[in-house]
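Chain and residue survey
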Amino acid sequence: MTGPKEGATKRTIRRKELREIVPLADSTICEMEQRGQFPRRFALTPRCVVWDLAEVEAWLQARRAVPIPRASPPDVRLRKTSPVRARDRAQTPQV
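An account of the accompanying structure is given in this report. Keep in mind it's a predicted model, so treat the numbers as computed, not measured.

Next up on the list: the pairing of strand 3 (residues 48–52). Of all the five residues making up strand 3, four are buried; the element is thus mostly covered by neighbouring parts of the structure. As paired strands, strand 1 (residues 12–13) and strand 3 are joined by two bridges and run antiparallel to one another. Within strand 3, the position partnered with Ile13 by the bridge is Trp51. Relative to strand 3, strand 2 (residues 42–45) runs antiparallel, the two sharing three bridges. Each bridged residue has a counterpart across the sheet, and for Thr45 the counterpart in strand 3 is Cys48. Connecting strand 2 to the antiparallel partner strand 3 that follows it, the hairpin turn spans two residues.

See the structure below:
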């Protein structure tokens, strides 16, 4: 019986293919890699980095399995530039 070899070559993808699979910015992917939240790239040559396709697909499956809560909207009253002021009901003209 023949099975997959222990040292079988895995399919790797370059940055262009990764962008087609994962619609995130390069900077977001890099930050997630550094935090350990995305599969790590590895260098084939000094100028060529690749990702293991199986690891990327497993990451996508894991993301689909667990819903990610939406970010809460920003509080515009706390902005440093052009903060939105609360209306004062006493100064509001009555129509």
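Additional details are given in the paragraphs that follow.
The next thing to look at is the packing of aromatic side chains. Scanning the model with the defined rule gives one aromatic pair in all. Aromatic side chains Phe38 and Trp59 sit 4.7 Å apart centroid to centroid with 70° between the ring planes, which places their arrangement in the edge-to-face category. Taken together, the residues Phe38 in the loop between helix 2 (26–35) and strand 2 and Trp59 in helix 3 (residues 53–65) connect sequence positions 21 residues apart.

With the rule as written, the count across this model stands at five salt bridges. For Glu17, the salt bridge goes to Arg11, with nearest N and O atoms at 3.1 Å. Its relative accessible area of 28% is what places Glu17 among the partly exposed residues. Look at Arg11 and you get partly exposed, because its relative accessible area is 47%. In this structure, the salt-bridge partner of Glu33 is Arg41, at a minimum N-O distance of 2.5 Å. Residue classification places Glu33 among the buried positions, given a relative accessible area of 4%. Classification of Arg41 by relative accessible area gives partly exposed; the value is 25%. If you follow the salt bridges from partner to partner, you end up with Arg15, Arg19 and Asp26 in one network.

Attention shifts here to the sheet that holds strand 1. Overall, antiparallel pairing links the three strands, which are arranged 1-3-2 in an open sheet. The sheet is open, and its two borders are formed by strand 1 and strand 2, each paired with just one other strand. Contacts between helix 3 and the sheet are confined to strand 1 and strand 3, with strand 3 contributing the most and set at about 50° to the helix.

Cut-offs used in this document
- Residues numbered from 1 in each chain as written.
- Predicted model: local features only at pLDDT ≥ 70, side-chain atom pairs only at ≥ 80, totals over all residues.
- Heavy atoms only, no water.
- Buried < 20%, exposed > 50% of the residue type's maximum accessible area, 1.4 Å probe, protein only.
- Helix = DSSP H or I, 4+ residues; strand = E, 2+ residues; numbered from the N terminus.
- Pairing = 2+ DSSP bridges.
- Phe/Tyr/Trp six-rings, centres within 6.5 Å; stacked < 30°, edge-to-face > 60°.
- Salt bridge = Lys/Arg side-chain N within 4 Å of Asp/Glu carboxyl O.
- Contact = heavy atoms within 4.5 Å.
- Axes fitted to C-alpha atoms, helices over the stretch in contact; angles between N-to-C directions.

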